[in-house]
Amino acid sequence: MDIFGGLLFGLKSVLHVDTLFYCFVGVTIGTLVGVLPGIGPIGAMSILLPATFGISPATAIIMLAGIYYGAMYGGSTTSILVNIPGEAASVVTCLDGYQMAKKGRAGPALGISAIGSFIGGTLSVVALMFVAVPLANVGLRFGPPEFFALMCLSMSLISYLARGSTFNAVLMIFLGLILGTVGMDPITGFPRFYFGSTTLLDGIGLIPVAMGLFGISEILMNIELKARSVLEAKIRNIFPTLEDWRRSIGPILRGSVLGFFFGLLPGGGAVIPTFVSYSVEKRLSKHPEEFGKGAIEGVAGPETANNAGSTGAFVPMLALGIPPNPILAILLGALMIHGVQAGPLLMQKNPEIFWGVIASMYVGNIMLLILNLPLIGLWIRILKIPYRLLMPLILLFCLVGCYAVNSNPTEIVIMIVFGFIGYVLRRCGYELAPLIIAMILGPIMEANFRNSLIMSDGSFRIFVTRPISATLLFAAGLLFLSSGFSAYRKAKKRVIELVGDED
Amino acid sequence: MKTAKAIVVTLLGLGIFVFSYSYRMGIGSLKSPGPGLFPFLLGLLLFLLSFCKVVAIMKKSEGSEKRTEGPIFFEKLFLLLLSLMFYAIFLNVLGYSIATFVTLLFIFRIAGYKSLPKISLYSMIIVVLSYFLFTSLGVVFPRGILGRF
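Because the structure is a prediction, the values reported are computed rather than measured. Throughout this description, residue numbers start from 1 for each chain and increase along the sequence as written. Starting at A for chains and at 1 for ligands, labels are handed out in the order in which the entities are written. For a predicted model such as this one, the threshold for reporting local features is a pLDDT of at least 70, and the threshold for listing and counting side-chain atom pairs is 80 or more; totals across whole chains, interfaces and linings nevertheless cover every residue. By convention in this description, side-chain values take in all heavy atoms of the structure and omit both hydrogens and water.

Peer 1: Whenever I open this one, the domain arrangement of chain B confuses me. Can you help?
Peer 2: By convention, interface size is frequently given as the accessible area that disappears when the constituent parts associate. When cut into domains, chain B gives domain 1 (2-64) and domain 2 (71-148). The straight-line distance from the C-alpha centre of domain 1 of chain B to that of domain 2 of chain B is 39 Å. Where each domain starts and ends comes from a domain assignment, either automatic or drawn from a database.

Peer 1: What is the right way to read a positive patch on the surface from this model?
Peer 2: Exposure above 30% relative accessible area and the absence of a salt bridge qualify a residue for a patch, where like charges join within 9 Å and nonpolar side chains (Val, Leu, Ile, Met, Phe, Trp, Tyr) within 5 Å. Accessible surface is estimated by sampling points in the Shrake-Rupley manner with a 1.4 Å probe; for residues, cover comes only from the protein chains shown. Throughout this description, the term salt bridge denotes a Lys or Arg side-chain nitrogen within 4 Å of a carboxyl oxygen of Asp or Glu. All tallies of charge rest on Lys and Arg as positive and Asp and Glu as negative; His and the ends of each chain are not included. A charge is said to be at NZ when it belongs to Lys, at CZ for Arg, at CG for Asp and at CD for Glu. The grouping of Arg388(A), Arg109(B), Lys114(B) and Lys118(B) at the surface amounts to a positive patch. Comment: elements are numbered from the N terminus, with helices defined as DSSP H or I runs of at least four residues and strands as E runs of at least two. Tracing the backbone shows Arg109(B) in helix 3 (residues 74-111).

Peer 1: I tried to follow the packing of aromatic side chains on my own but got confused; where do I start?
Peer 2: Each aromatic ring pair is described using two quantities: the centre-to-centre distance and the angle formed by the ring planes. Stacked, edge-to-face and tilted labels apply to pairs of Phe, Tyr and Trp rings (six-membered ring for Trp) whose centres lie within 6.5 Å, assigned for plane angles under 30 degrees, over 60, and everything in between, in that order. In total, this model carries 31 aromatic pairs over all chains according to the counting rule given. Ring centres of Phe142(A) and Phe147(A) lie 5.5 Å apart, and the angle between their planes is 75°; this geometry places the pair in the edge-to-face category. Judged on exposure class, the residue Phe142(A) and its partner Phe147(A) are both buried. For a lysine, the NZ atom is tested; for an arginine, the CZ atom; a charge sits over a ring if that atom is within 6 Å of the ring centre and within 35 degrees of the ring normal. The residue whose ring lies beneath Arg388(A) is Tyr113(B), and the NZ or CZ to ring-centre distance is 4.1 Å. When a residue's accessible area, from a 1.4 Å probe over protein chains only, is under 20% of the maximum for its type it is buried; when over 50% it is exposed; and in between it is partly exposed.

Peer 1: How do you make sense of the interface of chain B and chain A when you look at a structure like this?
Peer 2: With 64 residues of chain B at the contact, the number on the chain A side is 61 residues. With both chains or domains summed, chain B and chain A bury close to 5,600 Å², and 81% of this area falls on carbon and sulfur atoms. Put simply, buried area is how much 1.4 Å-probe accessible surface two parts lose in total, over both of them, once they are put together. Of all residues in chain B, Leu30(B), Phe38(B) and Leu84(B) give up the largest surface area on contact with chain A, accounting jointly for 11% of the area buried on that side. Connecting chain B to chain A are 0 salt bridges. As used in this structure description, the phrase polar contact means that two N or O atoms lie within 3.5 Å; if the pair is within protein, one of them must be able to donate a hydrogen and the other to accept it, and residues adjacent in sequence are counted only when both atoms belong to side chains. Here chain B and chain A share 3 residue pairs in polar contact (both at pLDDT 80 or more) between them. Residue contributions to the side of chain B that touches chain A peak at 16 residues, all from helix 3 of chain B. Throughout this entry, Asp, Glu, Lys and Arg are counted as charged residues, while Ala, Val, Leu, Ile, Met, Phe, Trp, Tyr, Cys and Pro are counted as nonpolar. The remaining residues, Gly among them, count as polar. Tallied by class, the residues present in the side of chain B that touches chain A amount to 47 nonpolar, 11 polar and 6 charged. Contact between two residues is taken to exist if any of their heavy atoms lie within 4.5 Å; hydrogens are not considered.

Peer 1: Where do I start with helix 15 (residues 326-337) of chain A in this structure?
Peer 2: Residues and elements named next belong to chain A. Spanning 12 residues, helix 15 covers 16 Å between terminal C-alpha atoms, matching the ideal 16 Å at 1.5 Å per step. Taken across its 12 residues, helix 15 has 10 buried, putting it largely inside the fold. Those residues of helix 15 hidden inside the fold are in contact with helix 3 (41-48), helix 4 (57-82), helix 10 (206-221), helix 14 (314-320), helix 17 (351-372) and helix 21 (433-455). Just beyond helix 15, the residue with positive phi is Gly339, at close to 80°. Here, expected helix span is obtained from the residue count minus one, scaled by 1.5 Å.

Peer 1: Where do I start with unusual backbone geometry in this structure?
Peer 2: Trans is the prevailing form of peptide bonds, just as negative phi is the prevailing case for residues other than glycine. Residues and elements named next belong to chain A. A positive phi angle is found at Ser407, which is not glycine, with a value near 50°. One can find Ser407 in the loop between helix 19 (387-406) and helix 20 (409-427). We classify Ser407 as partly exposed; its relative accessible area is 38%. In the Ramachandran plot, Asp457 falls in the positive-phi region, its phi being about 60° despite a non-glycine side chain. Tracing the backbone through its elements, the reader meets Asp457 in the loop between helix 21 and helix 22 (462-465).

Put into structure tokens, the structure is as follows:
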């Protein structure tokens, strides 16, 4: 099936009443969780996962994907009106979006953010089609050593791009990989680290861990969140003026390109391109002094980049089965629960999922534009719901969502334990994304590692004698070393500063 | 700093536990890797990395690094975790309606609501609405003690 044939096939499967309905539900919930604090797309996807068991895998994934890119749209509303990002990917939008709102320009800020998100999302879907298909074809040539090397490269990238300490990210990767070994051995079925618990015999569930690490820990972090003050000014002139367009079109196009390419990188996702886009726009601007004081370019670029990034992140997941961020790790887990194996064969074995998800993004982006422009007043009203009322509701959804997967209260205990672990780790500056990605990739990585050794009669040379595997491992090693050197440089700089201070 | 140390020491202990436990599971040979090989390697690497981190923290402990963290609300944190544990333990015994109602009462209280009639009303409404919402999505809840009548 060629690209356009595939797209038509996808559109045909999406343009059904029930699929459109689930896509709409997904993007609406996504916008909602983007607007609301204390619950992100990961929590929402985990909670809704059990509700998808009765529908086809393609429809389920379309709905869950809608939550992801919908949240990117919703996150900007809180950044602009409350100065609190609904999502990590909207942090940068606070800088100029809130300043614009304070100057009475909340309307154009919200408008350009929705339109930019739409353009970025749509251009990114086009790019996704053209990149994912050839990449999946390359992936078909991969054997166990190549997949193992690819996962090593993913782990290196995740630790390299970690916002905090690289060393801490590496520790989290090892912790995640170890958690992934709990349960039955993927090759022999030998039970490991289950300590007599039938729940652990199947492995530590992805949903309890994800909900604990990202849902419960978030609530524990926000336990004392005070009421937020929403700008009371009337939102007028949502459609940007010609001058706004003139200033924004460049940042939107650049944001689309940056977002898509950073989205492809494991660990990149939608957050990093927003920072890159902001600094690029500031550097290119004729009036850099306006940045931070309400420059529309500072909203248009990053908001476009986060949507383009969230779409670009689907490429490695759909084409190679490698999730570049925790949200797509949940999506990969959802595919597995539905009995679908993501990776190079997805396009051949389940074209309705591969092309259905791509086609649904075109439809979903249009739905989001409609939801986010005329219905902005509704989202503002939702923003005013006090957190102390939301918190019990979010917790209840976490509890029920976790229980509903297997009707097993032990999984709630696992969720609570991971919620506390996540809270402690976050307070000490550890990132949780490497942990969850490693936990999901762990069993696949192990199976490929052991199969490679069996193939080579126990020789590690198989990883370096095959060209693709050798290249990937070389790149992984290079990244690892360069992050080590940069950490060394930073440490050295700190020491010099300290000595200097003492002198 | 104390929590950071505790985390690294825990990881160090976990590394030791994992590599010793997986060694006993059987690491096999390189030609025929056993179920313990991969976790053995992971445990060993986690131990080595954590050890390096412990040494780094020890060296730095006299230094100037101080993380500026927000205040920790121990009481609320503890009560919230306790309420959630209560839910997990008593869900099957009490059934969805009673366990959820009681847990919500606690959580609303922890969230800052003072009036008992108000939080009882909120909890009741949420229990009823959520029951219908989730059962319509196909979730089957335990009936607990209500199932006996």
